[in-house]
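Summary of the model geometry
Next come the chains, spelled out residue by residue.
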Amino acid sequence: MSKFKSEFFNLMVERGFYNQCTNEDGFDTYLYECEKAGKPAVGYLGSDPTGDSLHVGHIVPLMMMRWFQKCGHKPITLVGGATARIGDPSGKDKLRPFLDEETLQNNIKGLKKSFSKFLKFGEGKNDAIMVDNWDWFKDINYLAFLRDIGTCYSVNRMLTMDSVKTRLEREQPMSFLEFNYMLLQGYDFCVLYNKYGCRAQIAGSDQWGNITSGTELGRRRYDVELFGFTSPIITDSNGKKMGKSEGNAVWINEEKLPSYDYYQYFRNIGDAEVGKCLRIYTDLPMDEIRRLESLQDKEINEAKKILAFEATKICRGLEEAQTAQDTAVKTFEMGQAGGDLPSIEKASVDGLSVLDAFLQIGFVASKGEARRLIKQAGLKINDKVVSDENYVLSAADVVDGQVKLSQGKKKHGLIKVA
RNA sequence: GGAGGGGUGGCAGAGCGGUCAAAUGCAACGGACUGUAAAUCCGUCGACGAACGUCUACGAUGGUUCGAAUCCAUCCCCCUCCA
């Protein structure tokens with residue numbers, strides 16, 4: 001029934017990860033041969049260390065790598081230490097602030113942490129490894145690079161690349177640095193080929209130009225066929241990119257976002273997204289997914305719970321997922337206060353004004369905002385709407401050693417009284 | 001180096017001496033309806049104060065003026081064209 005030979009390819013297609021491949025048959029066959037021979041194919045995923053954690057928007061390629069590894073292949077994660085040191089120009093209008101050594105190292109550490117949630121790193125034959133392109137770019141000689149690599153690129157061709165073309169058409173400025181970006185990326189690919197026998201690059205579709213830059217360089221310079229494989233850009237039904245919650249990025253690393261919030265992000269996904277997200281963000285087998293996505297109306301909430309749980313499990317571990325789920329069930333289904341809600345500790349709550357309480361727990365940015373919300377009946381203490389903005393908390397508000405604060409319907413937190 | 005255009009709230013983008021805490025759109029938030037969904041409708045969206053109000057804010061620093069996001073000077077940054 002399936003069109004492809006390799007396990008990996010079939011998985012990708014089935015789960016909606018497949019967008020485009022430089023050579024469908026070629027890559028499929030190559031993977032199939034590797035799978036048959038029990039010999040891992042090597043593939044890589046690149047990211048620039050511009051932040052200290054990846055977020056949900058990055059999960060798609062991470063999950064592709066995860067499946068790649070599950071199929072017995074070896075993932076390489078490449079961090080663009082070199083490109084980040086130059087300042088990543090892809091932000092278009094403004095050049096990003098150049099990163100200093102310390103934040104860079106910190107970011108790389110954060111990325112590694114993000115990666116390791118999805119991939120198994122180690123020494124084994126298909127364990128993931130992490131490399132930094134700074135290692136080979138730091139000592140590169142400009143002239144040698146130009147002569148070696150630059151000769152393989154045609155400016156005429158480069159000008160036709162989408163990333164360049166649209167920029168020129170829109171008469172937006174493009175620096176020479178940016179123009180060179182694809183050479184650097186192409187070179188990365190070839191270095192990995194030479195060093196690790198890496199023949200595949202897996203990425204989001206926005207990387208297509210950079211990928212083909214690598215495959216073409218491989219063919220011209222090293223006479224090898226490299227493969228590129230991209231995912232579609234995953235958007236919600238409104239065509240917006242995934243990964244923002246309340247205007248904030250949904251981070252993968254726990255110090256940037258509590259697991260409960262991570263869970264809630266997926267729990268609150270739109271109906272139309274459930275099937276897609278189950279395929280992409282969980283490891284669940286396809287028949288299970290098909291069953292879940294066929295649920296209608298209210299029942300689809302069951303699917304969302306499973307989605308949230310499974311997604312959290314991958315990223316934060318079983319225990320965290322469980323706690324998050326328990327908390328959610330308690331707060332939303334039983335009207336109680338779950339233990340994993342955001343909380344602050346206080347010796348006593350006497351004399352604490354409502355405004356300060358909500359300010360301190362971080363639900364509002366200012367007292368004015370708290371007042372506004374009170375006027376709109378948006379704040380609750382122990383599930384009772386606060387109507388008086390001058391209300392002052394007292395021991396009478398403490399129930400079982402805590403006070404439950406809510407903003408809107410979804411944001412709940414606790415003041416724990418010691 | 002020469003000529004010109006610009007820097008405004010999370011973003012986009014008006015305003016070009018007072019009525020400007022600054023139009024409009026997007027995003028965000030609260031409420032209603034629901035299912036912790038979507039769509040829709042209503043409302044909110046600088047800080048502090050119950051409030052007339054006060055403070056901070058239109059690249060930076062000075063100045064002109066009773067009064068400046070708006071005018072002038074200097075500086076910084078960005079863009080376009082020419083060399």
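Here is a short report on the structure shown in this document.

Cut-offs and rules
- Residues numbered from 1 in each chain as written.
- Chains lettered and ligands numbered in written order.
- Predicted model: local features only at pLDDT ≥ 70, side-chain atom pairs only at ≥ 80, totals over all residues.
- Heavy atoms only, no water.
- Pairing = 2+ DSSP bridges.
- Helix = DSSP H or I, 4+ residues; strand = E, 2+ residues; numbered from the N terminus.
- Buried < 20%, exposed > 50% of the residue type's maximum accessible area, 1.4 Å probe, protein only.
- Core = buried A, V, L, I, M, F, W, Y, C linked by side-chain atoms within 4.5 Å.
- Contact = heavy atoms within 4.5 Å.
- Near = heavy atom within 4 Å.
- Polar contact = N/O pair within 3.5 Å; in protein donor to acceptor, adjacent residues only side chain to side chain.
- Nonpolar A, V, L, I, M, F, W, Y, C, P; charged D, E, K, R; others polar.
- Axes fitted to C-alpha atoms, helices over the stretch in contact; angles between N-to-C directions.
- 1 Å grid on protein atoms, 1.4 Å probe; cavity = no way out; pocket = protein on both sides within 12 Å on 5 of 7 lines; lining within 4 Å.
- Points joined across faces, edges and corners; volume = space filled by probe spheres on them.

A word on the sheet that holds strand β13 (residues 411–417)
Across the sheet, 5 strands lie side by side as β9-β13-β12-β10-β11; this open sheet has mixed pairing. Each of the sheet's edge strands pairs with one partner strand only, and the pair in question is β9 (343–346) and β11 (384–385). Pairing geometry for strand β12 (residues 402–407) and β13, over 6 bridges, is antiparallel. Each residue of the ladder has a partner; that of Q407, found in β13, is K411.

Some thoughts on unusual backbone geometry
Of note, the phi angle at D383 is positive, near 70°, even though the residue is not glycine. Considering the arrangement of structural elements, one finds D383 in the loop between β10 (379–381) and β11. For D383, a relative accessible area of 40% gives the class partly exposed. For D400, which is not a glycine, the phi torsion comes out positive at approximately 50°. Tracing the backbone through its elements, the reader meets D400 in the loop between β11 and β12.

Topic: the nonpolar core
As a rule of thumb, nonpolar side chains are buried together in soluble globular proteins. Counting 68 residues, the largest nonpolar core has F8, F27, F118, F266 and Y281 as the members making the most contacts within it. If we skip the residues at most four places from it in the chain, F8 touches F27, L31, E35, M64, W67, F68, C71 and I202.

Details of the protein's contact with RNA strand B
Around RNA strand B, a shell composed of 30 residues is seen, among which Q264, N268, D271, K298 and S366 lie nearest. Of everything in RNA strand B that lies within 4 Å of the protein, sugar and phosphate atoms constitute 73%. R371 is positioned such that a nitrogen or oxygen atom in its side chain is 2.9 Å from a phosphate oxygen of RNA strand B. Counting residues per element, the ones that place at least two in the surface near RNA strand B are α12 (259–267), α15 (300–316), α16 (318–333) and α18 (367–375). Looking at which element gives the most residues to the surface near RNA strand B, the answer is α18, with 5 residues. Split into classes, the residues belonging to the surface near RNA strand B amount to 7 nonpolar, 11 polar and 12 charged.

Details of the sheet that holds strand β4 (residues 129–132)
Read across the open sheet, the 6 strands follow the order β1-β6-β5-β2-β3-β4; overall the sheet is mixed. The sheet is open, and its two edges are formed by β1 (20–21) and β4, each paired on a single side. Pairing of strand β5 (residues 200–204) with strand β6 (residues 227–231) involves 5 bridges; the strand directions are parallel. Looking at the pairing, G204 lines up with S231 of β6. With respect to the sheet, helix α2 (residues 24–37) is in contact with β1, β2 (42–47), β5 and β6, its orientation differing from that of β6 by roughly 100°. Each of β1, β5 and β6 touches helix α11 (residues 208–222); the most contacted strand, β6, lies at about 170° to it.

Let's talk about empty space enclosed by the protein
Tallied over the entire structure, the rule returns 3 cavities of 30 Å³ or more. Space inside the largest cavity adds up to approximately 90 Å³. Elements represented by at least two residues in the lining of the largest cavity include exactly α8 (155–160) and α11. Ranked by the residues each element gives to the lining of the largest cavity, the list is headed by α11, at 4 residues. Taken together, the residues of the lining of the largest cavity break down into 6 nonpolar, 2 polar and 3 charged. Every residue lining the second largest cavity is listed: Y263, Q264, R267, K305, Q325, A328, V329, F332 and E333. With 5 residues, the top contributor of residues to the lining of the second largest cavity is α16. Considered class by class, the residues forming the lining of the second largest cavity number 4 nonpolar, 2 polar and 3 charged.

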